[in-house]
Amino acid sequence: MDFSLDGIVIIVGNYGSGKTEIAVNIAVQHKRTGMGVRLADLDLVNPYFRSREAREVLTQMGIEVVLPPPQYMNADLPILDRGVSGMIRNSNGLTILDAGGDDVGATVIAALADALKDKPLQVFQVINPFRPYTDSLEGCQKIREEIESAAKIKITGLIGNANLIDDTGPDHIYNGQKFIQELSGQSGLPVLCITVSNNLLSAIDKAKLSYPVLPIYRQMVPPWRKTERFEQ
Amino acid sequence: MGKVLMKGNEAIGEAAIRAGCLNYFAYPITPQSEVAEYLTKRMPEVGGVFLQGESEVAVAYMIFGAAGAGERVFTTSSSPGISLMSEGISYIAGAQCPAVFVNIMRGGPGLGGILPSQADYNQATKGIGHGDCRMLVMAPASVQEAVEMVMNAFPLAEKYRNPVMILGDGLIGQMMEPVEFPDHLKTEPSNKDDWASNGMDHRKRSERNLVRSLFLDPTALNDNNLQLKAKYDQMKKEEVRSESYNSDTDYKVLIVSYGTMSRVCRTAIDALKEEGIDVAMVRPQTVFPFPEQAVRDAAQKESCKQVISIEMSMGQMVEDVERSVRGGKPVHWFGKCGGDVPTPEEVVDVVKSLIN
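Note that the structure is predicted; figures quoted are calculated from it, not measured.

Got a minute to help me understand the domain arrangement of chain B in this structure?
When the parts of a complex come together, some accessible area is lost, and that lost area is often used as the size of the interface. All names here are of chain B. Domain annotation of chain B identifies domain 1 (4-198 + 225-238) and domain 2 (242-355). On a C-alpha basis, the centroid separation for the pair domain 1 and domain 2 is 27 Å. Counting residues at the interface gives 31 residues for domain 1, matched by 24 residues for domain 2. Together domain 1 and domain 2 conceal approximately 2,200 Å² of surface at their shared face, both sides included; 56% is due to carbon and sulfur atoms. When the area that domain 1 buries against domain 2 is broken down by residue, the three leading residues are Gln 118, Tyr 121 and Ala 141, summing to 31%. We note a salt bridge from Arg 283 to Glu 145, for which the minimum N-O separation is 2.7 Å. At the junction of domain 1 with domain 2, the criterion picks out 15 residue pairs in polar contact (both at pLDDT 80 or more). The set of elements that each furnish at least two residues to the side of domain 1 that touches domain 2 consists of helix H5 (121-126), strand E6 (136-138), helix H6 (143-160), strand E7 (163-169), helix H7 (170-174) and helix H8 (218-238). Tallying contributions element by element places H5 first for the side of domain 1 that touches domain 2, with four residues. Taken together, the residues that form the side of domain 1 that touches domain 2 break down as 19 nonpolar, five polar and seven charged.

Here you go:
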C-alpha cells in the first residue's frame, strides 16, 4: 500500500461512485499493517450493496464492523446504530465511516456532529468520471458542495475511482488519473490515491501513474460472481 | 457517447428518455426508487416531466391520461405498487392505449421484503388486470439488455396500442454495470391521430376519437375483446424472443431460467462443464409471449433427459415450461423466494441430483 491513514476517515461521494468498495479495501489494507481498524456503515439510503455485505470477511480479519442489528439488516429503514458515536469518541488506530450516496446519504454525518466535534477529520470524495453527473469537473464540484452542505463538514481530499467494472482497461485508468488531476488543480483538494482493480494491475504501466494506488479486491458482487480474495 | 457505469434503475430512466419518452409518473418504492431519483434531475434537463402521484393507483390513471392523449409515457414500480396499478393497466389495455410499465420485483406476497424476486411472473404474464387483458412482457438479464428492452418497449407499445412491461428483479434495478446507449430512437410516423384524444384541430376526419374501456353494448364489447385477442395472437407470432446457452452440446439437462437468475445458472453451467457435465439453457427474453417453440425444441433433443425451471419464485414459470414441453420430458422446478438468490453451487447440486 502506497499511503497510510489514521484517525477518523469519512468516505463520501455520489451514488455508485464506489465508496463502499473503497472503504472495505482501505480497511483491509490498514488492518494488514497491524493497525486497529473500525468500519461503520452509514449507508442508510441504498438497500442492496452496502458494506454490511462484506461483514463476514471483515469480521474474520478482526476489523470491527458497526452495523444495525441483524434483524434490521434488510429493512428499508434508515437505522443509525448508536455504536457509531461511541466508536468515534473512543477511536484509536483507523476509524472509517462509509457514508451513503449524494447529499441525501451524507446527511447522516451531520447527525453525528456532536461526536465528531473537535476531532481531526479526513473526508474523501470518491470520484468515478464514468458515472453520470461526475463526468465533468463542474458536476464533481456541484456534488461536493451538496455533500458539504448536507453533511456540515468540509471535504479534505479526493479518491480517483475511474472504472467500468469488468470493462475497465488501462486507458480508463490513465484518463481517470488525468481527470482527477484536473479536478485537484481546480478544487485545491489533494488526491489521496487512485484505485486499480487487482486484476488490472499487471496491465498498468506504473511509470504513468502519479498518485498512490489502492488495489481493489472486489467485494460488492452479484450472486453469480465470487468476491475476490484478499491476497494473503 | 462511450460506455458509462450505471445502476440498472438509472439506466432504465435514461433509456426511456432516449426512446423519446418525456413523461414519467411514479410513486417511490424500494428497490426501484432510483429511477425517480435519477429522473428528478434528468427530466428537467431534457424538457421532460416527472410527476410523483399520490399513490400507485393515481399514477396508473395519470399514465392512462397521457397515453390517451397520444403521449409517450412510462412508469416504474415494484411488486406491491404494480398490484395497485393493475386496475388502471386493465383500463389502458381495454382502451387500447400504449404505455410502458417497469416492475423491479421484490419479495412477496404482501409487503414481503425489499430483496430480489421473480414472484410476479404469473401476475405479469397471465393476470395483470381484470378482463381479457395481457401485456407484452420482456425480462432483461443485464443492465445493457434493460436499456435495449426499455427503448424497444415504446415502439412495441405503439405498434400494439397496448401496455408493455419490463419485468426485472431487484438486482436488475440495483446492480451497476457498464452500459452503452444506442442512438436516440428514430420516432416512427405516429398513428396516434387515428385513435388519441388529442384535439380536433389537426384531424383529417370529422369523428371524435374516444378513449374508453366502457362498452355497454355486448356486441361492441365482444368486438373489442376480439381485437385485443388478435393483437395478443400477433404478439405470439412476431415478438417471441429467447436466447440459448451451451445448446450445441449433447446436454442431459435443460435449464429454463430468465432475468438475473439465468446469470447464476450460466455460472453453474460453466462449472458443470468443467466437471464434464453438459447442461443447456433456454433464457426467455419475452415471458409473454413465452418462447414455447424454443423450449419444446430444446427439450426434444435426444440427449436431453430432464428439464428444470429455475426461478426466484415458488414455481410459476414452470407451468409455461410444462405447457411447452407437453409431457415429452420430465419437468422439474427449483427456486427460492425472499431475496435469498439461489447460488451457482445450489444450482450445480440440483442439476446433479437430477442426473444421479
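Got a minute to help me understand the sheet that holds strand E14 (residues 331-335) of chain B in this structure?
Picture the strands of a sheet paired through backbone hydrogen bonds; they go either parallel or antiparallel. All names here are of chain B. Sheet architecture is open: five strands sit in the order E9-E11-E10-E13-E14, paired in mixed fashion. Bordering the open sheet on either side are strand E9 (242-245) and E14, each of which pairs with just one other strand. Adjacent strand axes in the sheet meet at a mean angle of 20° when their direction is disregarded. Pairing between E9 and strand E11 (residues 279-284): four bridges, direction antiparallel. Among the inter-strand pairings, Tyr 245 is bridged to a residue of E11, identified as Met 281. Along the sheet, helix H11 (residues 317-325) makes contact with strand E10 (253-256), E11, strand E13 (306-311) and E14, crossing E13 at roughly 155°. Against the sheet, helix H12 (residues 344-355) engages E10, E11, E13 and E14, with an angle of about 140° to E10.

Before we go on, may I ask you to explain the packing of helix H3 (residues 56-68) of chain B against helix H4 (residues 79-94) of chain B in this structure?
Relative orientation and spacing of two packed helices are given, respectively, by the angle between their axes and the distance between those axes. Residues and elements named next belong to chain B. As a packed pair, H3 and H4 sit with axes 8 Å apart at the nearest point and diverge in direction by 30°. If you check the angle between H3 and H4, you find them roughly parallel. Read as a crossing pair, H3 and H4 show a hand that is right-handed. Contact residues: Glu 56, Val 57, Val 59, Ala 60, Tyr 61, Ile 63 and Phe 64 in H3; Gly 81, Leu 84, Met 85, Glu 87, Gly 88, Tyr 91 and Ile 92 in H4. Its residues assigned to classes, the contact of H3 with H4 shows 10 nonpolar, two polar and two charged.

What exactly am I supposed to notice about the pattern of salt bridges here?
When their charged atoms lie close together, side chains carrying opposite charge are able to pair. Counting across every chain of the model gives 29 salt bridges over all chains. Between A:Lys142 and A:Glu146 there is a salt bridge, with the nearest N and O atoms lying 2.9 Å from each other. With A:Lys142 and A:Glu146 both in helix H6 (residues 137-151) and four residues apart, this pair spans about one turn of that helix. Linked through salt bridges whose partners overlap, the residues forming this network are B:Lys126, B:Glu292, B:Arg296, B:Asp320 and B:Arg323.

For this particular structure, what's the right way to read the interface of chain A and chain B?
Listed as interface residues are 23 residues of chain A and, on the opposing side, 31 residues of chain B. Taken together, the two surfaces of chain A and chain B that pack against each other cover about 2,400 Å², and 62% of this comes from carbon and sulfur. Applying the counting criterion to the chain A and chain B interface returns three salt bridges. Residue B:Glu10 pairs with A:Arg131 through a salt bridge whose shortest N-O separation is 2.6 Å.

When you look at helix H1 (residues 19-32) of chain A in this model, what are you seeing that I'm missing?
Residues and elements named next belong to chain A. With 14 residues, H1 extends 20 Å between its outermost C-alpha atoms, agreeing within 8% with the 20 Å of an ideal straight helix rising 1.5 Å per residue. With respect to burial, H1 is a largely interior element, 12 of its 14 residues being buried. Restricting attention to buried positions, one finds in H1 the residues Lys 19, Thr 20, Glu 21, Ile 22, Ala 23, Val 24, Asn 25, Ile 26, Ala 27, Val 28, Gln 29 and His 30. Trailing H1 by a residue or two, Gly 34 shows a phi angle of about 95°, which is positive.

Please explain the environment of B:Gly70 as it appears in this structure.
Residue and element names in this part refer to chain B. Relative to the assigned elements, Gly 70 resides in the loop between H3 and strand E4 (74-77). The exposure class assigned to Gly 70 is buried, which follows from its relative accessible area of 14%. For the pair Gly 70 and Arg 263, spaced 193 residues apart in sequence, the C-alpha separation works out to 38 Å. Residues in contact with Gly 70, not counting those within four places in the same chain, are Lys 192, Trp 195 and Ala 196.

Calculation notes
Residues numbered from 1 in each chain as written. Chains lettered and ligands numbered in written order. Predicted model: local features only at pLDDT ≥ 70, side-chain atom pairs only at ≥ 80, totals over all residues. Heavy atoms only, no water. Domains from an automatic or database assignment. Contact = heavy atoms within 4.5 Å. Buried area = accessible area lost by both parts, 1.4 Å probe. Salt bridge = Lys/Arg side-chain N within 4 Å of Asp/Glu carboxyl O. Polar contact = N/O pair within 3.5 Å; in protein donor to acceptor, adjacent residues only side chain to side chain. Helix = DSSP H or I, 4+ residues; strand = E, 2+ residues; numbered from the N terminus. Nonpolar A, V, L, I, M, F, W, Y, C, P; charged D, E, K, R; others polar. Pairing = 2+ DSSP bridges. Axes fitted to C-alpha atoms, helices over the stretch in contact; angles between N-to-C directions. Parallel < 35°, antiparallel > 145°, perpendicular 65-115°, else oblique. Left-handed = near helix turned anticlockwise from the far one by under 90°. Expected span 1.5 Å × (residues − 1). Buried < 20%, exposed > 50% of the residue type's maximum accessible area, 1.4 Å probe, protein only.

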